[in-house]
Amino acid sequence: MAEVNGEGETLRDVLQKLDADFPGIGARILDETGKIRRFVNVYVGDEDVRFADNLDTVTPSGVQISIIPAVAGG
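As annotated in an unreviewed UniProt entry, the protein chain carries the name Molybdopterin converting factor small subunit and comes from Streptosporangium saharense.

Following this line, the structure appears as structure tokens:
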């Protein structure tokens, strides 16, 4: 598990900063329309952002953001 620090008022801000610091990572999280990819789960604290405000979910200082790709297989 990798961990980095990020800043921003919303998840969108944090992801933009993350992509600026680690070019290309944004394309692994967001699709070509700018939405979170279908098989990527993102949590701000314990809240799934798909049930909150998606990329506009507020990210208070110190909150943990988890980006978890779905795992499939048998």
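On we go from here.
1. Considerations on the nonpolar core
Note that soluble globular proteins tend to have their nonpolar side chains buried in a common cluster. Within the largest apolar cluster, ten residues are counted, these being L11, L15, L18, I29, I36, V40, V42, V44, V49 and L55. Secondary-structure elements contributing two or more residues to this core are helix 1 (11-21) and strand 1 (40-44). The residues contacting V40, other than those within four sequence positions of it, are R28, I29, R50, I67, I68 and P69.

2. Considering unusual backbone geometry
Positive phi is not limited to glycine here, since N54 has a value of about 50°. Tracing the backbone through its elements, the reader meets N54 in the loop between strand 2 (47-48) and strand 3 (65-69). A residue is classified by how much of its surface remains accessible, and N54, at 36% relative accessible area, is partly exposed.

3. A look at helix 1
For helix 1, every residue scored as buried is listed here: L11, V14, L15 and L18. Buried residues of helix 1, seen end-on, are gathered within an arc of 95° and therefore sit on one face of the element. Turned more than 90 degrees away from the buried face of helix 1, the exposed residues are Q16 and A20. Buried-residue contacts for helix 1 involve helix 2 (25-29), strand 1 and strand 3.

4. Focus: the sheet that holds strand 3
Pairing is antiparallel in the open sheet, where three strands are placed in the order 2-1-3. At either margin of the open sheet sits one strand with a lone partner, and together these are strand 2 and strand 3.

5. Topic: the pairing of strand 1
Because side chains alternate across strand 1, one face comprises the buried residues V40, V42 and V44, and the other comprises N41 and Y43, none of which is buried. Both strand 1 and strand 3 contribute to a ladder of five bridges, which runs antiparallel. When the sheet's bridge partners are listed, V40 is paired in strand 3 with P69. With two bridges connecting them, strand 1 and strand 2 associate as antiparallel partners. Pairing of V44 across the sheet is with E47, part of strand 2. Counting the residues in the hairpin turn of strand 1 and strand 2 gives two residues, including G45, whose phi is positive at 65°.

Rules of the game
Residues numbered from 1 in each chain as written. Predicted model: local features only at pLDDT ≥ 70, side-chain atom pairs only at ≥ 80, totals over all residues. Heavy atoms only, no water. Core = buried A, V, L, I, M, F, W, Y, C linked by side-chain atoms within 4.5 Å. Buried < 20%, exposed > 50% of the residue type's maximum accessible area, 1.4 Å probe, protein only. Helix = DSSP H or I, 4+ residues; strand = E, 2+ residues; numbered from the N terminus. Contact = heavy atoms within 4.5 Å. Arc of directions from axis to C-beta. Pairing = 2+ DSSP bridges.

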